[in-house]
Amino acid sequence: MKTDNWILLQTISSHYQIELSFFNHLQDLGLIEIEVMEQSPYVNENQMHNLERMIRLHHELEVNPEGIDVVFNLLQKIEHLQKDLMIAQNRLRLYEN
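S.K.: Quick rundown of the overall build of the chain? Include the residues and the values.
M.R.: Of the regular secondary structure elements, the chain holds 4 helices and 3 strands. The N-to-C order of helical and strand elements in the chain reads β-α-α-β-β-α-α. Against the 2.2 N^0.38 benchmark of 13 Å for 97 residues, the chain shows a C-alpha radius of gyration of 18 Å, more extended than a compact globule. Along the first, second and third principal axes, the C-alpha set of the chain runs to 60 × 35 × 20 Å. A total of 97 residues make up the chain; the buried ones form 26% of that total. Counted over contacts in the chain with a minimum sequence separation of 6, partners at least 24 positions apart contribute 60%. Surface summary for the chain: the accessible area is close to 7,400 Å², and the carbon and sulfur share equals 50%.

Laid out in structure tokens, this is it:
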């Protein structure tokens, strides 16, 4: 399997100075997906934005993985509610005109 769009988890771990067990815990919570290729764990580059946010929460605010799970669930709910609000506002504009 090609590793073009995949980043070695060891590279991320050493760059951000964080233990590999942190990433395994995030995977156990369903926050990231780790793919094992050639006996090495990789993360898809599409996940890096959220993964970097999780690492910042962990480093800067000392939030544990369970807390990160709560934060990301709340952020998803906020995004969903914002989309619903935008749809409702667009429908209201149709009736106002």
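S.K.: Outline the sheet that holds strand E3 (residues 40–44), listing residues and values.
M.R.: Read across the sheet, 3 strands follow the order E1-E3-E2 without closing on themselves; strand pairing throughout is antiparallel. Both outer strands of the open sheet, strand E1 (6–8) and strand E2 (34–37), are each paired with one neighbouring strand and no more. Each strand of the sheet is rotated relative to its neighbour by a mean of 45 degrees, with strand direction disregarded. Alignment of E1 against E3, held across 3 bridges, turns out to be antiparallel. Bridge assignment links leucine 8 to a residue of E3, and that residue is tyrosine 42.

S.K.: With reference to specific residues and values, describe the packing of aromatic side chains.
M.R.: As enumerated under the stated definition, the model contains 1 aromatic pair in all. Arranged with centres 5.7 Å apart and planes meeting at 75 degrees, the rings of phenylalanine 22 and phenylalanine 23 form a pair that is edge-to-face. Across the pair, exposure class does not vary: phenylalanine 22 and phenylalanine 23 are buried alike.

S.K.: Would you mind going over the pairing of E2 in detail, with residue names and values included?
M.R.: Consecutive residues of a regular strand have side chains that alternate between opposite faces of the sheet. Relative to E3, E2 is paired through 4 bridges, and the arrangement is antiparallel. The partner of methionine 37 across the bridge, within E3, is serine 40. Hairpin connection of E2 to E3: 2 residues between the antiparallel strands, including glutamate 38 at a positive phi of 55 degrees.

S.K.: Kindly report on the nonpolar core, identifying the contributing residues and their values.
M.R.: Counting 18 residues, the largest nonpolar core has Ile12, Phe23, Leu26, Leu51 and Ile68 as the members making the most contacts within it. Mapped onto this core, the elements with two or more residues apiece are helix H1 (9–16), helix H2 (20–28), helix H3 (48–60) and helix H4 (65–96). Element by element, the count of residues in this core is highest for H3, at 5 residues. If we skip the residues at most four places from it in the chain, leucine 26 touches Leu31, Ile32, Leu51, Met54, Pro65 and Ile68.

The rules we used
Residues numbered from 1 in each chain as written. Predicted model: local features only at pLDDT ≥ 70, side-chain atom pairs only at ≥ 80, totals over all residues. Heavy atoms only, no water. Helix = DSSP H or I, 4+ residues; strand = E, 2+ residues; numbered from the N terminus. Rg over C-alpha atoms; globule rule 2.2 N^0.38 Å. Buried < 20%, exposed > 50% of the residue type's maximum accessible area, 1.4 Å probe, protein only. Contact = heavy atoms within 4.5 Å. Areas by Shrake-Rupley, 256 points an atom, 1.4 Å probe, with all protein chains shown as cover. Pairing = 2+ DSSP bridges. Axes fitted to C-alpha atoms, helices over the stretch in contact; angles between N-to-C directions. Phe/Tyr/Trp six-rings, centres within 6.5 Å; stacked < 30°, edge-to-face > 60°. Core = buried A, V, L, I, M, F, W, Y, C linked by side-chain atoms within 4.5 Å.

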